[in-house]
Amino acid sequence: MSDSNNDIKMVEAPDGISGAGFFATSFEKVIGLARKHSLWPLPFATSCCGIEYMATMGSNYDISRFGSERPSFSPRQADILMVMGTIAKKMGPVVKQVYEQMAEPRWVIAVGACASSGGIFDTYSVLQGIDRVVPVDVYVPGCPPRPEQILDGLMRVQDLAANESLRRRNSPEYQALLASYNIK
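As recorded by an unreviewed UniProt entry, the protein chain carries the name NADH-quinone oxidoreductase subunit B and is attributed to Pontibacter ruber. Per UniProt, the protein chain carries the Sequence similarities (unreviewed entry) text "Belongs to the complex I 20 kDa subunit family." As its UniProt record puts it under Subcellular location (unreviewed entry), the protein chain is described as follows: "Cell membrane".

A. Layout of the overall build of the protein chain. Each helix and strand counted, the protein chain has 7 helices and 6 strands in total. C-alpha extents for the protein chain along the principal axes are approximately 65 × 45 × 25 Å. Taking the contacts inside the protein chain whose residues are at least 6 apart along the sequence as the reference set, 74% of them involve residues at least 24 apart. Surface exposure of the protein chain reaches about 10,600 Å², of which carbon and sulfur atoms provide 56%.

B. Seen up close, the pairing of strand 3 (residues 41-45). For strand 3, the buried fraction is high: 4 of the 5 residues fall into the buried class. Note that strand 3 and strand 4 (residues 80-84) share 5 bridges and pair parallel. Looking at strand 4, one finds that L42 is bridged to L81. Between the parallel elements strand 3 and strand 4, the chain passes through helix 3 (residues 48-56) in a crossover that is left-handed.

C. Quick look at the pattern of salt bridges. Inspection of the entire model under this criterion finds 8 salt bridges. R156 serves as the salt-bridge partner of D152, at 2.5 Å between the closest nitrogen and oxygen. Placement of the pair is D152 and R156 together in helix 6 (residues 147-163), with a separation of 4 residues, close to one helical turn. The class of D152 is partly exposed, set by a relative accessible area of 34%. Overall, R156 belongs to the partly exposed group, its relative accessible area being 35%. Ionic pairing is found between R169 and E164, a salt bridge with its closest N-O pair at 3.0 Å. Counted as one network, the salt bridges with shared partners bring together R35, E104, R106, E164, R168 and R169.

D. Expanded view of the UniProt feature "domain: NADH:ubiquinone oxidoreductase-like 20kDa subunit" (unreviewed entry) in the protein chain. Mapped onto this numbering, the UniProt entry gives "domain: NADH:ubiquinone oxidoreductase-like 20kDa subunit" (unreviewed entry) at residues 48-156. Within residues 48-156, the helical portion is 32% and the strand portion 12%, while the C-alpha atoms at the span's ends are 22 Å from each other.

What counts, and at which threshold
Residues numbered from 1 in each chain as written. Predicted model: local features only at pLDDT ≥ 70, side-chain atom pairs only at ≥ 80, totals over all residues. Heavy atoms only, no water. UniProt positions renumbered as here; feature names shortened; annotations may be inferred. Helix = DSSP H or I, 4+ residues; strand = E, 2+ residues; numbered from the N terminus. Contact = heavy atoms within 4.5 Å. Areas by Shrake-Rupley, 256 points an atom, 1.4 Å probe, with all protein chains shown as cover. Buried < 20%, exposed > 50% of the residue type's maximum accessible area, 1.4 Å probe, protein only. Pairing = 2+ DSSP bridges. Right-handed = clockwise from strand over helix to strand, strands pointing away. Salt bridge = Lys/Arg side-chain N within 4 Å of Asp/Glu carboxyl O.

As structure tokens, then:
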């Protein structure tokens, strides 16, 4: 019979000082740990990559293990914009508006070849990558990507959220990045 305590996996504590009955760390590390394990995605799915994303919600892949079991269909409550599938040029302003309505901090994942680079659709009507309208943090390759790849992209965003400085979003570099996309 195995010991049940060995079966439980706990979140690693951030760097800090511990003693009898206390643990001290920086406020930035605590905020990063909380953000990492409570990211709410906003799925913007237009085609087959959306079906693969739906598979991550099932019991085989279980996105809820990563704190993202609640997809938010309101940009004001979402942390991650997950753009999946072919985005027409007419939809580009809609993607940008959704991004602008999200509160800081916000991250973007381009899921699949179509969202990353236009995929096989090199035509006048297809946006050749959503990074033409919003800044992208993580690209997930594939056509369509497997659910494991989507979860890996989510884990990359978790790493960004855990290690991001609280002051990064106010930095001149970040403001210049947003200005290059005409985002206020």
